[in-house]
Amino acid sequence: MRISELLKSTAYNTEVVVKGWVRTKRGNKNVAFIALNDGSCVANIQIVVDLQKIAEEQLKSVTTGACIAVTGTLVESLGAGQGVEVQATSIEVYGTADPETYPLQKKGHSLEFLRDIAYLRPRTNTFGAVLRIRHAMAYAIHKFFNDKGFYYFHTPLITASDCEGAGAMFQVTTMDMNNLPKGEDGAIDYNQDFFGKPCSLTVSGQLEGELGALSLGQIYTFGPTFRAENSNTPRHLAEFWMIEPEMAFYELEDNMNLAEEFLKYLIRYALENCREDLEFMNKMWDKELIERLNFVLENDFVRLDYTEGIRILQESGRKFEFPCHWGCDLQSEHERYLVEEHFKRPVILINYPKEIKAFYMKQNEDGKTVRAMDVLFPKIGEIIGGSEREADYGKLRARIEELQIPEKDMWWYLDTRRWGSAPHSGFGLGFERLLLFVTGMGNIRDVIPFPRTPKNAEF
Ligand code: 4AD
Ligand code: MG
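Along each chain, residue indices are assigned from 1 in the same order as the chain's sequence is written. Starting at A for chains and at 1 for ligands, labels are handed out in the order in which the entities are written. This being a predicted model, a pLDDT of at least 70 is required before a residue's local features are given, and a value of 80 or more before pairs of side-chain atoms are given or counted; all residues contribute to the totals for chains, interfaces and linings. Calculation of side-chain values draws on the structure's entire complement of heavy atoms; hydrogens and water are dropped beforehand.

## Quick notes on the nonpolar core
Nonpolar cores are built from buried Ala, Val, Leu, Ile, Met, Phe, Trp, Tyr and Cys residues. Side-chain atoms within 4.5 Å join them into one set. For each residue, the accessible area found with a 1.4 Å probe, counting protein chains only, is set against the maximum for its type, and the residue is called buried under 20%, exposed over 50%, and partly exposed in between. Ranked by internal contacts, the top residues of the largest apolar core, which has 68 residues, are Met137, Leu278, Phe377 and Ile383. A run of DSSP states H or I qualifies as a helix once it reaches four residues; a run of E qualifies as a strand once it reaches two. Both are numbered from the N-terminal end. Broken down by element, the residue count for this core peaks at eleven residues, all from helix α6 (residues 252-273). Residue contacts are counted whenever heavy atoms from the two residues lie within 4.5 Å of one another. Setting aside its immediate chain neighbours within four residues, Ile383 contacts Leu263, Val375, Phe377, Gly428, Leu429, Gly430, Arg433, Leu434 and Phe437. Residues Phe320, Cys328, Tyr360 and Leu414 belong to the second largest nonpolar core, which totals 32 residues.

## A closer look at the pairing of strand β5 (residues 84-95)
Pairing geometry for strand β3 (residues 45-50) and β5, over three bridges, is parallel. In the sheet register, Ile47 faces β5, and the bridge partner there is Val86. Both strand β4 (residues 67-76) and β5 contribute to a ladder of ten bridges, which runs antiparallel. Within β5, the residue paired with Ala69 across the bridge is Glu92. Strands qualify as paired when DSSP identifies two bridges or more between them.

## Thoughts on the site of ligand 1
For this purpose, a residue is taken to be near a molecule or strand whenever a single non-hydrogen atom of the residue falls within 4 Å of it. Around ligand 1, 25 residues are found, and the nearest of them are Glu164, Gln206, Glu244, Glu382 and Ile383. Definition of a polar contact: a pair of N or O atoms within 3.5 Å, with one able to donate and the other able to accept a hydrogen when the atoms are protein atoms, and with sequence-neighbouring residues admitted only if both atoms are side-chain atoms. A distance of 2.7 Å is found between a nitrogen atom of ligand 1 and a side-chain nitrogen or oxygen belonging to Glu244. Side-chain polar atom of Tyr360 to a nitrogen atom of ligand 1: 3.5 Å apart, as the coordinates give it. Only the protein chains shown count as covering a residue, and every accessible area follows the Shrake-Rupley method with a 1.4 Å probe. Considered on its own, ligand 1 offers 630 Å² of accessible surface; in the complex 93% of this is hidden by protein. Considering every element that reaches the shell around ligand 1, the biggest residue donor is strand β15 (residues 381-388), with five residues. In the shell around ligand 1, the residues fall into nine nonpolar, eight polar and eight charged. Under the scheme applied here, ten amino acids are nonpolar (Ala, Val, Leu, Ile, Met, Phe, Trp, Tyr, Cys and Pro), four are charged (Asp, Glu, Lys and Arg), and all others, including Gly, are polar.

## A word on the domain arrangement of the protein
The split into domains, and so the bounds of each, comes from an automatic or database assignment of domains. By domain assignment, the protein separates into domain 1 (3-95) and domain 2 (121-168 + 203-446). The C-alpha-based centres of domain 1 and domain 2 are spaced at 45 Å. Listed by partner, the interface residues are eight residues for domain 1 and seven residues for domain 2. The junction of domain 1 with domain 2 conceals about 610 Å² of combined surface from both sides, 41% of it contributed by carbon and sulfur atoms. Residue classes in the side of domain 1 that touches domain 2 are distributed as three nonpolar, four polar and one charged. Buried area is a sum: the accessible area each of two parts loses on coming together, probed at 1.4 Å, counted once for each and added.

## A few points about the packing of aromatic side chains
Here a Phe, Tyr or Trp ring, Trp counted by its six-membered ring, pairs with any other such ring whose centre lies within 6.5 Å, and the pair is stacked when the planes are under 30 degrees apart, edge-to-face when over 60, and tilted otherwise. Evaluated as defined, the whole model comprises 22 aromatic pairs. An angle of 50 degrees between the planes, with centres 5.1 Å apart, marks the rings of Tyr119 and Phe459 as tilted. Of the two residues, Tyr119 sits in the loop between α3 (111-116) and α4 (125-147) while Phe459 sits in the segment after α13 (431-439), which places them 340 residues apart along the sequence. According to the relative accessible area criterion, Tyr119 is partly exposed, its value standing at 47%. Aromatic pair Tyr152 and Tyr220: ring centres 5.2 Å apart, planes at 15 degrees, arrangement stacked. With Tyr152 in strand β6 (residues 151-152) and Tyr220 in strand β10 (residues 218-226), this pair connects stretches of sequence that are 68 residues apart. By relative accessible area, which is 36% here, Tyr152 ends up partly exposed. In this structure an aromatic cluster arises from ring pairing among Tyr139, Phe144, Phe145, Phe150, Tyr152, Tyr220, Phe262, Tyr265, Tyr269 and Phe427. Sitting over a ring, as applied to charges here, requires NZ of Lys or CZ of Arg to be within 6 Å of the ring centre and within 35 degrees of the ring normal. Between the NZ or CZ atom of Arg417 and the centre of the ring of Tyr413, over which it lies, the distance is 4.4 Å.

## Here we look at a nonpolar patch on the surface
In this scheme, patches are assembled from residues that exceed 30% relative accessible area and form no salt bridge. Like charges are connected within 9 Å, while nonpolar side chains (Val, Leu, Ile, Met, Phe, Trp, Tyr) are connected within 5 Å. Salt bridges are counted wherever a side-chain nitrogen of Lys or Arg sits within 4 Å of a carboxyl oxygen of Asp or Glu. The grouping of Leu157, Ile158, Phe194 and Phe195 at the surface amounts to a nonpolar patch, some 390 Å² of accessible area in total. Tracing the sequence through the fold places Ile158 in strand β7 (residues 158-159).

## Points about the sheet that holds strand β14 (residues 369-377)
The sheet built from eight strands is open, its strands ordered β6-β10-β11-β16-β15-β14-β13-β12 with mixed pairing. The sheet is open, and its two edges are formed by β6 and β12 (302-305), each paired on a single side. Of the strand pairs in this sheet, strand β11 (residues 239-248) and strand β16 (residues 424-430) are connected by five bridges, and their pairing is antiparallel. When the sheet's bridge partners are listed, Met242 is paired in β16 with Gly430. Between N-to-C directions, angles span 0 to 180 degrees; the directions come from axes that are lines fitted to C-alpha atoms, helices contributing only their stretch in contact. The strands touched by α4 are β6, β10 and β11; relative to β10, the strand with the most contacts, the crossing angle is about 150 degrees. Across the face of the sheet, helix α10 (residues 332-343) comes into contact with β12, β13 (347-353), β14 and β15 while running at roughly 140 degrees to β13.

## Regarding the state of the cysteines
Note that a disulfide, as used here, is simply two cysteine sulfur atoms within 2.5 Å. One pass over the structure, following the stated rule, counts zero disulfides. Left without a disulfide partner, Cys328 is nearest to the cysteine sulfur of Cys324, which lies 4.8 Å away.

If you want it as structure tokens, here you go:
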């Protein structure tokens, strides 16, 4: 039986079999207590071993980290803080863990230390809790969209187009780096590469997602995305997961409503379904976590024009590391000032200058701004980026030309505006940014099992 179920069971005096990894073993010459964990919940089950029934010799290899199967009787526990325990009748050791070398011998390792042994850290209470919450959030995302009639749409990971235009893409090739085929002009001959042209890992599934929305009506993607930006921050990964809904007939206002409803749904889902893990995270890492989650649920998000946001920042009297002016891209310090200090609530900032946003956003009448929206959260800054899309063929084409984006990469995307174009909108939620918020962790490397960051792809 899984320990999470066993701990709730009242089938006293029945025989049970539990399998898991030893967290601790203690005791005296008459009795040993083993705390066993199988990953199903943060709590361990206590195994009581009567040393008159099971020889102490046999317990020698039952050390922290070892994997064992215990057969025994489920009994009501007399100890405080636990309902049941198992009185062992036999123990089988599946895998030993030499105490001299097992890295998780002691409790209370730092998160930095655990990052260096990322392949083992799911064995700790903290990462057990984070990864269970991660699973629950992934499930809730699919449930939210399924219940609303959205279709899960699979966009390619290998692509020839650069959606965000930031140029931070990982190239995909099968060519021999030490012997690149060259054409007569000396340039690399991509005709000889696997796809016959330069290709990369995608930074976003949006462009293909738009094709889904303009046929199925409402779709979402949920998959890995890759960005080669060399930013070593607590909020950036080179490989992260993104959820990108895209909706035909949605204008910016509808897009904002969906984003707010979506985030609140996910937070409520976590509070209702991940209670024990959240309480653990609250106790160990972030004393205001549950309070903050409830606060976001209970308050409307502020909706604010970029222009107004800049005015507030300039009038704040605050000395920012990067001073801001109309036209500047907001830094995390600006976003957090608006959210944490000025409004003290999540903020949806809209109508950004077109120069700092991607080519596909719908242009406003003023000729200067686009119908962009960023959702800004306490502690995180930007958690969602999205927009209404430019649906007009002529305007989109002009913008692509203005930015000198090669039309040979974008012709198929432009074609969506030639036949049956429609107003439509969408956004992207960074899955790990959501998890930072929901788990209370401070570093994005600690909410994904195997983080990919500059100079780090060991395991
Ligand atoms: O704002 P971004 O770049 O938007 C897009 O990619 C659009 N195509 C989305 C859309 O409209 N469909 O990225 C969206 C979100 C950000 O708000 C952030 O939460 C997350 O993705 N994100 C990252 N998360 C972790 N590491 C990185 N390097 C990230 N870059 C963006
Ligand atoms: Mg963005």
